[in-house]
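Single-letter residue listing:
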Amino acid sequence: MQRYYSKVNPDVLLFTINHKENISHDRSDLSPDTEYLQVATKKLNKGTTFKPHKHRTFLREIDKTHEAWVFLQGRVLAKFYDLDDTLYEEIILGPGDCAVAYNAGHSFVVLEEDTILYEFKNGPYYGVEKDKEYLD
């Protein structure tokens, strides 16, 4: 797992990347506890069980959207942008890879037909007009 911090403000986490081959039997938290979207990885053995549970309701204040993508098939060129909207990094992501954007602008160029991904973000979602600011 690799965490990428802003060049403009080195205390600000922009995004994390985890490639499938880096997943181990030890839990690896891709997100620091302070971020709104919590993502972790762990390789599981057959027969592993988790105690049944649910999460308690309590008020959380969230003022921005975090996004994560898990790629199942195909490849993309992921582009991430720093706090000043300059291009920070380009990374090719493929099957089993995960990217989490906390404070980074982002875009994808799809490199293969039939690329499939899961996208996760905190909600609720109020639409493009309220949620997105385009960098171009």
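We now turn to the structure provided with this report.

If you walk across this open sheet you meet the five strands as 1-2-8-5-10, and the pairing is antiparallel. Two strands in the sheet have a free side with no partner beyond their single neighbour: strand 1 (2–5) and strand 10 (116–121). The sheet shows a mean angle of 15° between the axes of neighbouring strands, taken without regard to direction. Strand direction decides the pairing type here: strand 5 (residues 67–73) and strand 8 (residues 98–101), joined by four bridges, are antiparallel. Bridging across to strand 8, V70 finds its partner in C98.

This part takes up the nonpolar core. In terms of nonpolar packing, the biggest core is built from 15 residues, with F15, I17, F80 and L93 touching the most fellow members. Every element with two or more residues in this core is listed here: strand 2 (13–18), strand 5, strand 6 (76–81), strand 7 (87–93) and strand 8. Ignoring sequence-local partners within four residues, the contact set of F80 consists of F15, I17, W69, T86, L87, Y88, E89, A99, A104, G105 and H106. The next biggest cluster of nonpolar side chains, apart from the first, holds eight residues, and it includes L13, L30, A68 and C98.

Let's shift gears to the packing of aromatic side chains. Scanning the model with the defined rule gives seven aromatic pairs in all. Taking 5.8 Å as the distance between ring centres and 85° as the angle between the ring planes, the aromatic pair formed by F15 and Y88 counts as edge-to-face. One end of the pair, F15, is in strand 2; the other, Y88, is in strand 7, and 73 residues separate them in sequence. F15 sits in the buried class, given a relative accessible area of 0%. Between W69 and F108, the ring centres sit 4.9 Å apart and the planes meet at 80°, which makes this aromatic pair edge-to-face. In this pair, W69 is assigned in strand 5 and F108 in strand 9 (residues 105–110), connecting sequence segments 39 residues apart. Judged by relative accessible area, which is 27%, F108 ranks as partly exposed.

Moving on, we get to a nonpolar patch on the surface. On the surface, L72, I116, Y118 and F120 cluster together into a nonpolar patch covering about 380 Å² of accessible area. Relative to the helices and strands, F120 resides in strand 10.

To continue, consider the pattern of salt bridges. A side chain with one charge can pair with a side chain of the opposite charge if their charged atoms come near. Inspection of the entire model under this criterion finds five salt bridges. For R27, the salt bridge goes to D29, with nearest N and O atoms at 2.7 Å. Judged by its relative accessible area of 58%, R27 falls in the exposed class. Its salt-bridge partner being K121, residue E119 comes within 3.9 Å of it at the nearest N-O pair. Looking at E119, the relative accessible area reads 45%, which means it is partly exposed. Judged by its relative accessible area of 29%, K121 is partly exposed. Ionic contacts of the salt-bridge type, sharing partners, join the residues E67, E119 and K121 into one network.

Calculation rules
- Once a new chain begins, its residue numbering starts again from 1 and follows that chain's sequence as written.
- Given that this is a predicted model, residues contribute local features only at a pLDDT of at least 70 and side-chain atom pairs are listed and counted only at 80 or more, while totals for whole chains, interfaces and linings are drawn from all residues.
- Only hydrogens and water are removed before side-chain values are computed, so all heavy atoms of the structure are retained for them.
- Whether two strands pair depends on DSSP finding at least two bridges between them.
- The secondary structure listing takes helices from DSSP runs of H or I that are at least 4 residues long and strands from runs of E that are at least 2 residues long, numbered from the N terminus.
- For helices, the axis comes from a line fit to the C-alpha atoms of the stretch in contact; other axes are also lines fit to C-alpha atoms, and the angle between any two N-to-C directions lies between 0 and 180 degrees.
- Residue types Ala, Val, Leu, Ile, Met, Phe, Trp, Tyr and Cys, when buried and joined through side-chain atoms within 4.5 Å, form a set referred to as a nonpolar core.
- Partly exposed residues are those whose accessible area sits between 20% and 50% of the maximum for their type, while under 20% is buried and over 50% is exposed, using a 1.4 Å probe and protein chains only.
- Contacts: residue pairs with any heavy atoms within 4.5 Å of one another.
- Classification of ring pairs uses Phe, Tyr and Trp, with its six-membered ring standing for Trp, and accepts pairs whose centres are within 6.5 Å; under 30 degrees between planes counts as stacked, over 60 as edge-to-face, and the remaining range as tilted.
- A patch consists of residues exposed above 30% relative accessible area that lack any salt bridge, with like charges linked at up to 9 Å and nonpolar side chains (Val, Leu, Ile, Met, Phe, Trp, Tyr) linked at up to 5 Å.
- What sets the accessible areas is the Shrake-Rupley method with a 1.4 Å probe; for residues, cover comes only from the shown protein chains.
- Throughout this description, the term salt bridge denotes a Lys or Arg side-chain nitrogen within 4 Å of a carboxyl oxygen of Asp or Glu.

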